[in-house]
Amino acid sequence: PAVTSPCKILKCNSEFWAATSGSHHLGTEEAPEFCTALRAYAHCTRRTARTCRGDLAYHSAVHGIDDLMVQHNCSKDGPTSQPRLRTLPPGDSQERSDSPEICHYEKSFHKHSAAPNYTHCGLFGDPHLRTFTDTFQTCKVQGAWPLIDNNYLNVQVTNTPVLPGSTATATSKLTIIFKSFQECVDQKVYQAEMDELPAAFADGSKNGGDKHGANSLKITEKVSGQHIEIQAKYIGTTIVVRQVGRYLTFAVRMPEEVVNAVEDRDSQGLYLCLRGCPLNQQIDFQTIRSAQATEGRARRKGPSLPAPPEAFTYETATAKCREKLPVEDLYFQSCVFDLLTTGDVNFMLAAYYAFEDVKMLHSNKDKLHLYERTRDLAPGNTAPLGTPPALWVALLCLSQCWLCLL
């Protein structure tokens, strides 16, 4: 099984937030219930203290609990069962409606100019990367890698082996740091890992903190434990994080101006969403898929790998992927590739949801589907797999016309 952190501070954070959502706006009659939830939160952090010793989110939570205990005059002794607190009516939350204009990207940065040009980046599966320039790559990138690193936020993913002894990897941990920005938001950290997809930041909050424009950064839970969305209006950015099966997917919509907001441009080479994976980390997608078609199973270069738990042939993998992805683009081919390398049907859903996120986030609807570039014909004048059939029909017609002219 893939390696994951034994520190469960994210679970403590999300449980406390679920129990106390809106409670700090309630009257004094709810104080005992809030203190009960706070003691339960403290008890949860103590249980995970040994495994979280070096985790910044853990230490932030411990200090936050102490502060809240003092603010609400809570005793450290007492019941710790999680109460069900009254929730607030819609609209009565941490959000403020009078945020300064600078905390709304489109209003502040482009008041007298054309609308910004938005770009998209996504990471899913084993793992497959779609960059801000619509380049599609399949990469190894085992371990921790930066996806985004600019003046406003950092995103880092950790990819771990899907199977023991295999070079197939998938995203098991995700960290997003939103940097403090003027009068809009405080610095906020979001962390997710396998089986832990919180609907709050690491400090338990759901928005940008105590600043006047806090509502310009907020988290919305779409499906509990499976799908969250983060809106950062002050930089015109939307982030979607999903857990599909055991692994995470990431998708973002971001203005080009924010994408390129990097002080040290020499460091952009490490920024995967912008520059793509290093050459030595890229996998020759077409070559391996051709081998899959002829051999019936994907084999990476190197020693013989253990068989996946469920054996897919090229034909059964293709049929399975076609259930969710009828267009044979690179998302479809990624699905086939992942089923053959992992045997895990959840990777089909990962490819499906990745494309659904593209449909929602990509600003150019003509570029939703991606196909491989036309390459030299394979032996026997057969078209490379994944090339749109209509294109090859057109090329064949043109070649016949040329022969007639000769």
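Before reading further, recall that the structure is shown in the block above.
None of the values given here were measured: they were computed from a predicted structure.

**Let's talk about the environment of Leu-340**
Line of reasoning, step 1. Turning to its location among the elements, Leu-340 is positioned in helix 9 (residues 330–342).
Line of reasoning, step 2. For Leu-340, a relative accessible area of 1% puts it in the buried group.

**Regarding the sheet that holds strand 2 (residues 128–130)**
Line of reasoning, step 1. Here 7 strands make up an open sheet; going across it, the order is 3-2-1-11-10-9-8 and the pairing antiparallel. Taken across any chain shown, the strands that pair with only one partner, and hence form the sheet edges, are strand 3 (136–138) and strand 8 (217–223). Going from strand to strand, the sheet's axes swing by 10° on average, the running direction of each strand aside.
Line of reasoning, step 2. Where strand 2 lies against strand 3, 3 bridges are found, and the strand directions are antiparallel. Opposite Leu-129, over in strand 3, you have Gln-137 as the bridge partner.
Line of reasoning, step 3. Taken strand by strand, helix 10 (residues 346–361) contacts strand 1 (118–124), strand 2, strand 9 (227–232), strand 10 (237–244) and strand 11 (247–255), and its axis lies near 165° from that of strand 10.

**Digging into the packing of aromatic side chains**
Line of reasoning, step 1. In total, this model carries 12 aromatic pairs according to the counting rule given.
Line of reasoning, step 2. Note on Phe-16 and Phe-34: the rings are 6.0 Å apart at their centroids and 70° apart in plane angle, and the pair reads as edge-to-face. Of this pair, Phe-16 sits in helix 1 (residues 9–20) while Phe-34 sits in helix 2 (residues 31–47), and the two are 18 residues apart along the sequence.
Line of reasoning, step 3. According to the relative accessible area criterion, Phe-16 is buried, its value standing at 7%.
Line of reasoning, step 4. A network of ring pairs unites the aromatic residues Phe-124, Phe-136, Tyr-331 and Phe-355 as a single cluster.
Line of reasoning, step 5. In this structure, Arg-253 packs its charged tip against the face of Tyr-118, placed 3.7 Å from the ring centre.
Line of reasoning, step 6. Between the NZ or CZ atom of Lys-324 and the centre of the ring of Tyr-352, over which it lies, the distance is 4.6 Å.

**A short note on the sheet that holds strand 4 (residues 143–149)**
Line of reasoning, step 1. The strand order across the open sheet built from 4 strands is 4-5-6-7, with neighbouring strands paired in antiparallel fashion. The sheet terminates laterally at strand 4 and strand 7 (188–193), the two strands that pair on one side only. Sheet twist, expressed as the mean angle between neighbouring strand axes with direction ignored, is 20°.

**Section: the nonpolar core**
Line of reasoning, step 1. By size, the foremost hydrophobic cluster in this structure holds 48 residues, and its most contacted members are Ile-148 and Ile-176.
Line of reasoning, step 2. In terms of residue count, the dominant contributor to this core is strand 11 (4 residues).
Line of reasoning, step 3. Aside from chain neighbours lying at most four places away, what touches Ile-148 is Phe-132, Leu-153, Asn-154, Val-155, Phe-250, Val-252, Met-254, Tyr-271 and Cys-273.

**Structural notes on the state of the cysteines**
Line of reasoning, step 1. With the rule as written, the count across this model stands at 6 disulfides.
Line of reasoning, step 2. What pairs with Cys-103 in a disulfide is Cys-184, and their sulfur atoms sit 2.0 Å apart. Taking the sign of the S-S torsion, about -100° here, the bridge from Cys-103 to Cys-184 comes out left-handed. Of the two residues, Cys-103 sits in the loop between helix 3 (56–71) and helix 4 (105–109) while Cys-184 sits in the loop between strand 6 (169–178) and strand 7, which places them 81 residues apart along the sequence. Each member of the pair, Cys-103 as well as Cys-184, carries the same accessibility label: buried.
Line of reasoning, step 3. Across the disulfide, Cys-321 is cross-linked to Cys-335 (sulfur-sulfur distance 2.0 Å). Judged by the torsion about the S-S bond (-90°), the Cys-321/Cys-335 disulfide is left-handed.

Reading the values: the criteria
Residues numbered from 1 in each chain as written. Predicted model: local features only at pLDDT ≥ 70, side-chain atom pairs only at ≥ 80, totals over all residues. Heavy atoms only, no water. Helix = DSSP H or I, 4+ residues; strand = E, 2+ residues; numbered from the N terminus. Buried < 20%, exposed > 50% of the residue type's maximum accessible area, 1.4 Å probe, protein only. Pairing = 2+ DSSP bridges. Axes fitted to C-alpha atoms, helices over the stretch in contact; angles between N-to-C directions. Contact = heavy atoms within 4.5 Å. Phe/Tyr/Trp six-rings, centres within 6.5 Å; stacked < 30°, edge-to-face > 60°. Lys NZ or Arg CZ within 6 Å of the ring centre and 35° of its normal. Core = buried A, V, L, I, M, F, W, Y, C linked by side-chain atoms within 4.5 Å. Disulfide = S-S within 2.5 Å.

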